[in-house]
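Residues per chain are reported as follows:
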Amino acid sequence: MYDWHEIGALDDIPRLGSRVVNTPHGDVAIFRTADDQVFALRDRCPHKGGPLSQGIVHGHRITCPLHNWVLELESGQAVAPDVGCATRYPTRLEDGRLWLGLNNVVSLPSASREAA
Amino acid sequence: MNAKERLVLVGNGMAGMRTLEELLAIAPDKFDITVFGAEPHGNYNRILLSPVLAGEKSIDQIMINDLNWYAEKGIRLYAGQEVTRINRARRQIHATDGTIAPYDRLLLATGSNPFILPIPGNDLPGVIGFRDIKDVETMLAAAQTGKHAVIIGGGLLGLEAANGLMKQGMQVTVVHVLDTLMERQLDPVAADMLRASLEERGLRFLMGANTAAVLGEERVRAVRFKDGLEIPADLVVMAVGIRPNIELAKQAGIYCERGVVVNDTMQSYDPRVYAVGECVQHRGQCYGLVAPLWEQAKVCANHLARYGIGRYQGSVTSTKLKVTGIDLFSAGDFNGGPGCEEIVLRDPARGVYKKLVVKENRVQGAVLYGDTVDGTWYFQLLREGTDIGAFRETVLFGHAHMADSGRDGFSVMTMTDDAEICGCNGVCKGAIVKAIAEKKLFTVDEVRAHTKASASCGSCTGLVEQILAATVGTFDKTPKEKALCQCTEHSHDQVRKTIREQRLTSLRAVFDFMEWKTPDGCHSCRPAINYYLISTWPDEAQDDQQSRFVNERVHANIQKDGTYSVVPRMWGGLTNPKELRAIADVADKFKIPTVKVTGGQRIDLLGVKKEDLPKVWADLNAAGMVSGHAYGKSLRTVKTCVGSDWCRFGTQDSTGLGVKLEKMTWGSWTPHKFKMAVSGCPRNCAEATIKDFGVVCVESGYEIHVGGNGGIKIRGTDLLCKCATEEEVKEYCCAFMQIYREEGRYLERTAPWIERVGLSYVKARIVEDEENRKALYARFLDSQKYAQIDPWAERASGRVDAHEFQPLRQVG
Ligand SMILES: Cc1cc2nc3c(=O)[nH]c(=O)nc-3n(C[C@H](O)[C@H](O)[C@H](O)COP(=O)(O)OP(=O)(O)OC[C@H]3O[C@@H](n4cnc5c(N)ncnc54)[C@H](O)[C@@H]3O)c2cc1C
Ligand code: HEM
Ligand code: SF4
Ligand code: FES
């Protein structure tokens, strides 16, 4: 199950760019593609933990800034021949507002739950 | 009804299957594919039959695609079925077992047949060619029972067969009609050296011998020559050449000459029928090596997929003999002709012979014997038409000599398996060899993708090519002009030319006009195009932040833990108490863990958090400091020595000149990083002779040195000219930077750029042509008007790219 969080407006993210949302799961990178689709992946490359949000978005893919692994935004899977996967989170766009779904199975410290 | 178009491939060999692989990669669902192959196997690497014969490899090791592969890809394979007829009117093919298959597109890749001499007895059992697995099996069986083998033909194939059979314990005689071996690849000197060393290993040669007949009743027994000589034979291998296999096409009335005639898109005279491989004749040429086939396959796949880009324009080929222990390489026109000169190195003691044929300082051909390490390099010089004027005297000592002298006689195959080849990604030789064998890799790109070797700085590409060559027996040949990346067929130079000629000023315009294959490029092409746009149209093109690598987007260097480093500019390496105080304060205030003096004479603050960057910059700006661009493909530092102000040897004010040069050039973007230095006398304490642009002051003026770099491959500068005044130095400096900005390829430093275009070219453009120099100077200064804006100040103000430095939101 997911808890949905409002995280901002579509235009807060540049086209072919990315922004970070800090969450109790760690940082989540939110990507906007040329066709205005929005994807969310954990901001840690499966290779050596590079910050994916700092990479280059092309098509529905992201290239990690540290060693150029390429990941599919939709699935988080690394493009062959590399093998690995970044956790994927669902996103929603409603009336120009962006929503990010976080898995609520993770036990949150109570203080931050109140903040949410 | 099946809605997909039907593609039928005749010939399950190297060229045909390569085309299918290329096709599946770009248009996996376009066709319903059927393959007919006369051989009862999957697809295998034919060139490795030689090592199989020599007992160095097994059949399993040379399979490229086994039967499962076809099933996985949904390809219908009729292995062991020969196609006997094409009915072009009904668009069907007929196979030996009566199968009829309809097609919308037909691909012919029937390869070639060994030429069998038209002499009596040529059809006796025990007389064969050397072409496929069956031939190898026949030879291996003959080696079990028979003793004498006669190989007719002293070319590449014949010698590989001879070597293999000798290894299998047979007594082998090679019969050649001419007086020198491999006359199509070797000059007489190299041919004689080869012959001597093969004789030493136990091969016998009959040179200038004309075969008259093969004798025998049930089986071959002997071979007779025109002069009456007879020698015993239990096996005769004819390796006197190949003939394109065009029977099928001819019968169907498809236009053939020596081969199936195709145009630059690999289409035959029947537009529904394509052809690739050895059965093809293109611009009058038939090929017998795999490298051209790879290029044909790529083009053909592209047209089958209806992308309609890419033309095959013929290939320059190179060859290597795959006889373990003998190193032989040949490429291009090695006999020379009018206007050609030969550069020759002979070292009989080491058994080394190297010859380059050169015309107007460009390599036309090469023959190497005994030491072929540099084959790849010479072949590259040949293909790219590089001017070798600057290193002509040492060219035969090889690339290693140029790069870092002192590694004489170095050969990659003498390295052990745990020797590191790719220092960037820590890949050792054994891993590369293993990946090539297990994953059936053929090209440097594939090795790069699977092992990451040479995927980073690329300086080990030559070594990887050598390993590949030694392991699979041939080179991948990149097309003459390498495509910029996988999103396009166009090269760097074509893209830049089009941007200029068509006045393209945005990435979108380039993608549309040049028909990019991907919607918005990739991490390789976007930064390159962005650079070409802003360097060509400094006043018009928008710098696209999303096409910049993160360092250039956030104006700091990303570190391995995701923090950043900050290096403020210190003009000519000078600083003062105020700046130092500001740096110290910033380091305290933002708890910056490491403060380091760089090799570029300035101070690096390492481990800054991204959110803190704008605040750090604001504080540094307040003390008068600006970005040092330590993160950019741009002017880095101008290193100086203390010069005449203080030093007892100093001849000129090197520090002052360095400051002037840095103030003039900071902020400019270049194809790759650009470093300068000014030394006050020839003692050269500022190391000006390993910089992109270096000045060495002398009593009478200033020496200008260009094209040096440190790094993995040290290259000392070339002396460009001498200047009398500081004003002149400034003009040369800008002119040199500008010509490199306009003509260097993205991510090509000045050192490889100069090696590619030649120092004499650079001299002609900026030393001898004063008008052009002044024009370059003016263009440089003009573009600086748009470039000299401190990116830190812009961002510290919060008005530019604020989104880069703040998280979007905190939740949870
Ligand atoms: C022993 C040996 C060593 C070699 N070494 C090198 C080397 O070191 N470097 C190099 O560059 N090149 C080398 N070559 C050459 C290289 O192997 C060929 O250039 C390459 O295999 C040609 O590919 P192709 O697809 O055109 O033909 P092939 O690979 O021969 O494929 C043609 C296929 O079509 C099948 N076929 C033909 N007619 C029909 C039909 N009517 N119906 C169904 N199937 C049919 C054939 O059985 C065959 O399998 C070597 C070749 C040999 C034999
Ligand atoms: C090809 C290999 C090289 C790479 C990839 C490389 C990369 C880098 C990087 C990333 C930095 C910035 C460090 C930071 O502040 O975060 C840097 C700085 C520097 N490098 Fe290199 N470097 C290479 C080779 C060299 C060589 C061979 C030299 C010296 C001969 C050199 C001299 C310097 C200097 C002096 C600096 C500091 C630059 C400045 O003060 O602006 N580099 N290099
Ligand atoms: S290069 Fe010459 S002038 Fe400069 S510090 Fe060294 S010795 Fe002195
Ligand atoms: S950490 Fe992403 S590619 Fe290495």
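For clarity, every value in this text was computed on a predicted model and none was experimentally measured. Per-chain numbering applies: the sequence of each chain, read as written, is numbered from 1 onward. Going through the entries in the order they are written, you letter the chains from A and number the ligands from 1. Confidence filtering applies because this is a predicted model: local features only for residues at pLDDT of at least 70, side-chain atom pairs given and counted only at 80 or more, and all residues used for totals across whole chains, interfaces and linings. Remark: hydrogens and water are excluded; side-chain values derive from all non-hydrogen atoms of the structure.

1. Quick word on the site of ligand 3
Okay, so step 1: Each residue is tested against the molecule or strand, and it is near if at least one of its non-hydrogen atoms lies within 4 Å. In the vicinity of ligand 3, the contacting residues are Cys641, Cys647, Phe649, Gly650, Gly680, Cys681, Arg683, Asn684 and Cys685 of chain B.
Okay, so step 2: Three residue categories are used. Nonpolar comprises Ala, Val, Leu, Ile, Met, Phe, Trp, Tyr, Cys and Pro, charged comprises Asp, Glu, Lys and Arg, and polar comprises the others, including Gly. Of the residues belonging to the shell around ligand 3, the class tally is five nonpolar, three polar and one charged.

2. Quick notes on the packing of helix α21 (residues 726–743) of chain B against helix α23 (residues 759–768) of chain B
Residue and element names in this part refer to chain B.
Okay, so step 1: Only C-alpha atoms enter the line fits that serve as axes; for helices the fit covers just the stretch in contact. Angles between N-to-C directions range over 0 to 180 degrees. For the purposes of this entry, the term helix denotes a DSSP run of H or I that reaches at least four residues, the term strand denotes a run of E that reaches at least two, and both are numbered from the N terminus. Direction vectors running N to C along α21 and α23 enclose 130 degrees, while the axes themselves pass 10 Å from each other. As far as their axial angle goes, α23 and α21 are oblique. As for how α21 packs across α23, the hand of that crossing is right-handed. Taking contact as the criterion, the partners of Tyr732, Ala735, Phe736, Ile739 and Glu743 in α21 are, on α23, Tyr761, Val762, Arg765, Ile766 and Val767.
Okay, so step 2: A per-class count over the contact of α21 with α23 returns eight nonpolar, no polar and two charged. Any angle from 65 to 115 degrees is called roughly perpendicular, while one under 35 is roughly parallel, one over 145 is roughly antiparallel, and all others are oblique. When the near helix sits turned anticlockwise from the far one by under a right angle, the crossing is termed left-handed; a clockwise turn instead gives a right-handed crossing. Should any heavy atoms of two residues lie within 4.5 Å, those residues are considered in contact.

3. So, the sheet that holds strand β8 (residues 100–102) of chain B
All names here are of chain B.
Okay, so step 1: Read from one edge of the open sheet, three strands run β6-β7-β8, paired in antiparallel fashion. At either margin of the open sheet sits one strand with a lone partner, and together these are β6 (83–87) and β8. Averaged over neighbouring strand pairs, the angle between their axes works out to 20 degrees when direction is ignored.
Okay, so step 2: Relative to strand β7 (residues 92–95), β6 is paired through four bridges, and the arrangement is antiparallel. Paired with valine 83 across the two strands is alanine 95, which belongs to β7. At least two bridges found by DSSP between two strands are what make those strands a pair.

4. Quick notes on the pairing of β7 of chain B
Successive side chains on a regular strand alternate, one facing one side of the sheet and the next facing the other.
Residue and element names in this part refer to chain B.
Okay, so step 1: Where β6 hands over to β7, the hairpin turn is made up of four residues, of which arginine 91 adopts a positive phi near 55 degrees.
Okay, so step 2: For β7 and β8, the ladder comprises three bridges, and the chain directions are antiparallel. Pairing of glutamine 92 across the sheet is with proline 102, part of β8.
Okay, so step 3: Here β7 hands over to β8 after four residues, with glycine 98 in that stretch at a positive phi of 95 degrees.

5. What to know about the site of ligand 2
Okay, so step 1: Residues in contact with ligand 2 amount to 15 residues; listed here are only the nearest, Thr598, Gly600, Arg602, Asp604 and Gly711 of chain B.
Okay, so step 2: Of the residues contributing to the shell around ligand 2, the split by class is two nonpolar, nine polar and four charged.

6. Focus: the interface of chain A and chain B
Okay, so step 1: Contact with chain A, which involves 37 residues of that partner, is made by 31 residues of chain B.
Okay, so step 2: Buried area is a sum: the accessible area each of two parts loses on coming together, probed at 1.4 Å, counted once for each and added. Approximately 2600 Å² of surface area, both sides summed, lies buried where chain A meets chain B, with 58% of it carried by carbon and sulfur atoms.
Okay, so step 3: On the chain A side of the contact with chain B, Arg19, Gln54 and Ile56 of chain A bury the most area, a combined 24% of that side's loss.
Okay, so step 4: A carboxyl oxygen of Asp or Glu within 4 Å of a side-chain nitrogen of Lys or Arg is what we treat as a salt bridge. Applying the counting rule to chain A against chain B returns zero salt bridges.
Okay, so step 5: Any pair of nitrogen or oxygen atoms within 3.5 Å is treated as a polar contact; in protein, a donor-acceptor pairing is required on top of that, and neighbouring residues in sequence qualify only through side-chain atoms on both sides. Inspection of the chain A/chain B interface yields 13 residue pairs in polar contact (both at pLDDT 80 or more).
Okay, so step 6: Every element with two or more residues in the side of chain A that touches chain B is listed here: β1 (2–9), β2 (17–23), β5 (56–58) and α1 (110–115) of chain A.
Okay, so step 7: The biggest single contributor to the side of chain A that touches chain B is β2 of chain A, with six residues.
Okay, so step 8: Here the residues of the side of chain A that touches chain B sort into 20 nonpolar, 12 polar and five charged.
Okay, so step 9: Pairing of β2 of chain A with strand β39 (residues 809–810) of chain B, which is carried by two bridges, proceeds in the parallel orientation. Pairing of asparagine 22 of chain A across the sheet is with glutamine 810 of chain B, part of β39 of chain B.

7. Regarding the sheet that holds strand β35 (residues 674–679) of chain B
Two modes of strand pairing occur in sheets, parallel and antiparallel, and in both the strands are linked by backbone hydrogen bonds.
All names here are of chain B.
Okay, so step 1: Read from one edge of the open sheet, five strands run β34-β35-β36-β37-β38, paired in mixed fashion. The open sheet is flanked by β34 (635–640) and β38 (718–723), the only strands paired with a single partner. Neighbour-to-neighbour, the strand axes of the sheet open up by a mean angle of 20 degrees, direction not taken into account.
Okay, so step 2: Pairing between β35 and strand β36 (residues 693–698): four bridges, direction parallel. Counted as the bridge partner of methionine 676 is phenylalanine 693 from β36.

8. Considering the environment of methionine 676 of chain B
Residue and element names in this part refer to chain B.
Okay, so step 1: Residue placement: methionine 676 occurs in strand β35.
Okay, so step 2: Between the C-alpha atoms of methionine 676 and glycine 694, which are 18 residues apart in sequence, the distance is 5.4 Å.
Okay, so step 3: The residues contacting methionine 676, other than those within four sequence positions of it, are Leu635, Thr637, Val638, Lys639, Leu661, Thr665, Lys691, Phe693, Cys733 and Met737.

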